[in-house]
Amino acid sequence: MTVRFRVPGFGRRRPGPTVGGPSVEHEGRVCSELAADLPDEDLGEYLHDCIDLYEMGSKPRCEEVEYLGLVQEAIDRIERGE
């Protein structure tokens, strides 16, 4: 039996064109920090894909929420320029 659930707020935002958006260096630094936090994960080139293509139920629920939260936090940091 497969149980599916939605994590509110994940995968809804898409990057749009921004003026003066985050630099490539900043994005690379945030992605490097995320990769250090998630060493066993294949994050790919675009963090939005990590959320959009994630198959719910592929990890234990507590790990799933932590993984998706870390990825979303990294996306938010990049968008805010932090």
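Refer to the preceding data block for the structure.
These lines cover the structure that appears in this document, whether it is placed above or below. (Residues numbered from 1 in each chain as written. Predicted model: local features only at pLDDT ≥ 70, side-chain atom pairs only at ≥ 80, totals over all residues. Heavy atoms only, no water.)

## Focus on helix H3 (residues 61-80)
The α-helix advances 3.6 residues per turn, and as a result positions three or four apart in sequence lie on the same side.
So, point 1. A rise of 1.5 Å per residue sets the reference length of H3, with its 20 residues, at 28 Å; its end C-alpha atoms lie 28 Å apart and thus fit the reference within 8%.
So, point 2. Along H3, the residues that are buried comprise Glu64, Tyr67, Leu68, Val71, Gln72, Ala74, Ile75, Asp76, Arg77 and Ile78.
So, point 3. One or two steps after H3, the chain reaches glycine 81, where phi turns positive at roughly 80°. (Helix = DSSP H or I, 4+ residues; strand = E, 2+ residues; numbered from the N terminus. Expected span 1.5 Å × (residues − 1). Buried < 20%, exposed > 50% of the residue type's maximum accessible area, 1.4 Å probe, protein only.)

## Thoughts on the packing of aromatic side chains
So, point 1. The final tally for this structure, using the stated rule, is one aromatic pair.
So, point 2. Centroid distance tyrosine 54 to tyrosine 67: 5.4 Å. Interplanar angle 35°. Geometry classified as tilted. Pair noted here: tyrosine 54 is in the loop between helix H2 (47-52) and H3 and tyrosine 67 is in helix H3, with a separation of 13 residues, a long-range link.
So, point 3. On the accessibility criterion, tyrosine 54 (14% relative accessible area) is buried.
So, point 4. The side chain of lysine 59 reaches across the aromatic face of tyrosine 67, ending 4.6 Å from its centre. (Phe/Tyr/Trp six-rings, centres within 6.5 Å; stacked < 30°, edge-to-face > 60°. Lys NZ or Arg CZ within 6 Å of the ring centre and 35° of its normal.)

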